Amino acid sequence: MIAFDAGDHFAELKRLHSQVRRCRKCFLWKTRKKAVPGEGLPDATVMLIGEAPGKKEDAAGRPFVGPSGKFLDQMLEEVGLVRENIFITSTIKCIPVPAGKPKKVSIEACNPYLQGQLKLVNPRIVCLLGEVAARNVLGVDKVADVRGEIIRRSEHIFLVTYHPAAARRFPALHAHMRKDFRLLARRANIRQ
Ligand code: URA
């Protein structure tokens, strides 16, 4: 597990991210171009957690810079959230091989990094984008069962919504995701 220095959590986050960039805890280090630790304000009010980097993210070493990222940016803009003011990461930090849902071994290997980010950023609200993030963090199986609800668990407040890749593909999900993001933006301004 990662050790925390409460007095210097910005430096701890930086250190955690360099550990991710060098990580060899599962087999994905062999095929990645760049690991994608995440980015944003180290003390952001809102944290978004996606699934896994895609090709564009793997090339850039940055989260959500491909087609899903464009969709996500639009959603954020629509509800008045500024990307630079939030913290964005994914459940696993390297592009999955074979392409598709990340394997359990990678999710488990990456989980201490994610938990470290949650603890260090300590956001007011965490938005879980899609089933992989919702299952890993909350043990939820179906996004549709819990989306749009405020869920208090351990030290954090969570909101589950669809993954931008799914919402992009299925226009029927747009209105739900927009509604969830409006709630996210409102909650971001409320003290716990
Ligand atoms: N999907 C994710 O979940 N994360 C990314 O960084 C890109 C696409």
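Look a little higher up for the structure.
The notes below deal with the structure included here. (Residues numbered from 1 in each chain as written. Predicted model: local features only at pLDDT ≥ 70, side-chain atom pairs only at ≥ 80, totals over all residues. Heavy atoms only, no water.)

## Concerning the packing of aromatic side chains
Phase 1: One pass over the structure, following the stated rule, counts zero aromatic pairs.
Phase 2: Over the aromatic face of Trp29 sits the side chain of Arg24, whose NZ or CZ is 3.8 Å from the ring centroid.
Phase 3: Between the NZ or CZ atom of Lys25 and the centre of the ring of Tyr113, over which it lies, the distance is 4.4 Å. (Phe/Tyr/Trp six-rings, centres within 6.5 Å; stacked < 30°, edge-to-face > 60°. Lys NZ or Arg CZ within 6 Å of the ring centre and 35° of its normal.)

## Quick word on the pairing of strand E5 (residues 150–153)
Phase 1: The pairing of E5 with strand E6 (residues 156–161) spans four bridges and is antiparallel. Within E6, the position partnered with Arg153 by the bridge is His156.
Phase 2: The antiparallel hairpin formed by E5 and E6 contains two residues in its connecting segment, where Ser154 sits at a positive phi of about 45°. (Pairing = 2+ DSSP bridges. Helix = DSSP H or I, 4+ residues; strand = E, 2+ residues; numbered from the N terminus.)

## Concerning the sheet that holds E5
Phase 1: Read from one edge to the other, the open sheet built from six strands follows the order E1-E3-E2-E4-E6-E5, with strand pairing classed as mixed. Each end of this open sheet is capped by a strand with a single partner; those strands are strand E1 (39–40) and E5.
Phase 2: Note that strand E2 (residues 46–50) and strand E4 (residues 125–129) share four bridges and pair parallel. Each bridged residue has a counterpart across the sheet, and for Ile49 the counterpart in E4 is Leu128.
Phase 3: Taken strand by strand, helix H8 (residues 174–188) contacts E2, E4, E5 and E6, and its axis lies near 160° from that of E6. (Contact = heavy atoms within 4.5 Å. Axes fitted to C-alpha atoms, helices over the stretch in contact; angles between N-to-C directions.)

## Regarding the site of the ligand
Phase 1: Neighbouring the ligand are Gly50, Glu51, Ala52, Pro53, Glu57, Pro63, Phe64, Ser90 and His163.
Phase 2: At 2.5 Å from an oxygen atom of the ligand is found a main-chain nitrogen or oxygen belonging to Glu51.
Phase 3: Protein coverage of the free-state accessible area of the ligand, which is 240 Å², stands at 94%.
Phase 4: Of the residues assigned to the shell around the ligand, the class counts are four nonpolar, three polar and two charged. (Near = heavy atom within 4 Å. Polar contact = N/O pair within 3.5 Å; in protein donor to acceptor, adjacent residues only side chain to side chain. Areas by Shrake-Rupley, 256 points an atom, 1.4 Å probe, with all protein chains shown as cover. Nonpolar A, V, L, I, M, F, W, Y, C, P; charged D, E, K, R; others polar.)

## Comments concerning helix H3 (residues 67–78)
Phase 1: Helix length check: H3 (12 residues) gives 17 Å between terminal C-alpha atoms against 16 Å at 1.5 Å per residue, within 8%.
Phase 2: Along H3, the residues that are buried comprise Ser68, Gly69, Phe71, Leu72, Met75 and Leu76. Looking straight down H3, one finds its buried side chains confined to an arc of 160°; they lie on one side. Turned more than 90 degrees from where H3 packs its buried face, Lys70 and Glu77 sit exposed. (Expected span 1.5 Å × (residues − 1). Buried < 20%, exposed > 50% of the residue type's maximum accessible area, 1.4 Å probe, protein only. Arc of directions from axis to C-beta.)

In short, shape yes, function no, at least from these values alone.
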